[in-house]
Amino acid sequence: MKSVKAKKKLGQHFLTDLDTAKRIADTVDACPGLPVLEVGPGMGVMTQYLLPKQRPVKVVEIDRESVAYLKETLLTGDAAEQRLIEGDFLRMDLQEVFGGQPFVLTGNYPYDISSQIFFKMIDNRHLIPCCTGMIQHEVALRMASKPGTKAYGVLSVLIQAWYDVEYLFTVPPDVFNPPPKVQSAVVRLTRNSTEHLGCDEALFRTVVKTTFNQRRKMLRVSLRQLLPPTATIFATRAEWLTQRPEQLSISDFVTLTNLVQHELT
């Protein structure tokens, strides 16, 4: 069967370098014993290195042409029935993938939905103790950045609240077909020991997103979208609220969330 044509609407950039594919597949070895779910296998360049590992492996693919290719080449017969899930990862019930068993998430993630993939991971963190894969270099930097840096933002805070982030290596554009216009990077996320943030988690997300939506503004300005001008926090925490969101650690955001909640109750 002829190779699959990359589709711009799906953000497809097929990895062609086998050494790179194997390096990415081997990142799951740091999380031994767990089943693996690969998102967006395409023509299976990573999948071929995942399958020999001594653990269950499944792939989820939304592109029908890629599904047909995999059924004719790498996942034929019963393998397709057991391992291949045709559908949209963002719409899946992850509880059903391995019967409620925790698993490793990996893949060459489509750049235009990578953040959504990681938000779904956070929502299912009880099922995903480890996540690896390739994303846009800029997104990888944001995920791994610390307070006080230019790249520190919403993704940094929300992911690092629950996961330790490792930036593993950079991948150049020339190992893809078609080559993306940006550098890529491989990361590994490992679930940390946090079970509860110590605040309302939905409000935590809202506070983080609201303040970073105006990241150049002081907190006292951005928080007015959530609180009335008469809120006591503006007087009692006036000096603290002169900070900008990129200056706050995760524990600072927890404190801020509790202050906001107190004003709202």
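The sections below set out a description of the structure shown in this document. (Residues numbered from 1 in each chain as written. Predicted model: local features only at pLDDT ≥ 70, side-chain atom pairs only at ≥ 80, totals over all residues. Heavy atoms only, no water.)

**Focus: the sheet that holds strand β7 (residues 163-171)**
Overall, mixed pairing links the seven strands, which are arranged β4-β3-β2-β5-β6-β9-β7 in an open sheet. For this open sheet the edge positions go to β4 (84-86) and β7, each flanked by a neighbour on one side alone. Strand-to-strand twist of the sheet, defined as the mean angle between neighbouring strand axes without regard to direction, takes the value 20 degrees. (Pairing = 2+ DSSP bridges. Helix = DSSP H or I, 4+ residues; strand = E, 2+ residues; numbered from the N terminus. Axes fitted to C-alpha atoms, helices over the stretch in contact; angles between N-to-C directions.)

**Some words on the packing of helix α8 (residues 201-212) against helix α11 (residues 250-264)**
One way to put it is that α8 packs onto α11 with a least axis distance of 9 Å and a crossing angle of 105 degrees. One element, α8, and the other, α11, form an angle in the roughly perpendicular class. Residue-level contacts link L203, F204, V207, V208, T211 and F212 of α8 to I250, F253, V254, L256, T257, V260, Q261 and L264 of α11. Considering only residue class, the contact of α8 with α11 consists of 11 nonpolar, three polar and no charged. (Parallel < 35°, antiparallel > 145°, perpendicular 65-115°, else oblique. Contact = heavy atoms within 4.5 Å. Nonpolar A, V, L, I, M, F, W, Y, C, P; charged D, E, K, R; others polar.)

**Focus on the pairing of strand β9 (residues 184-191)**
Burial analysis of β9 places seven of its eight residues in the buried class, which makes it a mostly covered element. Looking at chain direction, strand β6 (residues 130-136) and β9 are connected through seven bridges and run antiparallel. Across the sheet, the residue bridging to Q136 is S184, located in β9. The pairing of β7 with β9 spans eight bridges and is classified as antiparallel. Each bridged residue has a counterpart across the sheet, and for V165 the counterpart in β9 is L189. (Buried < 20%, exposed > 50% of the residue type's maximum accessible area, 1.4 Å probe, protein only.)

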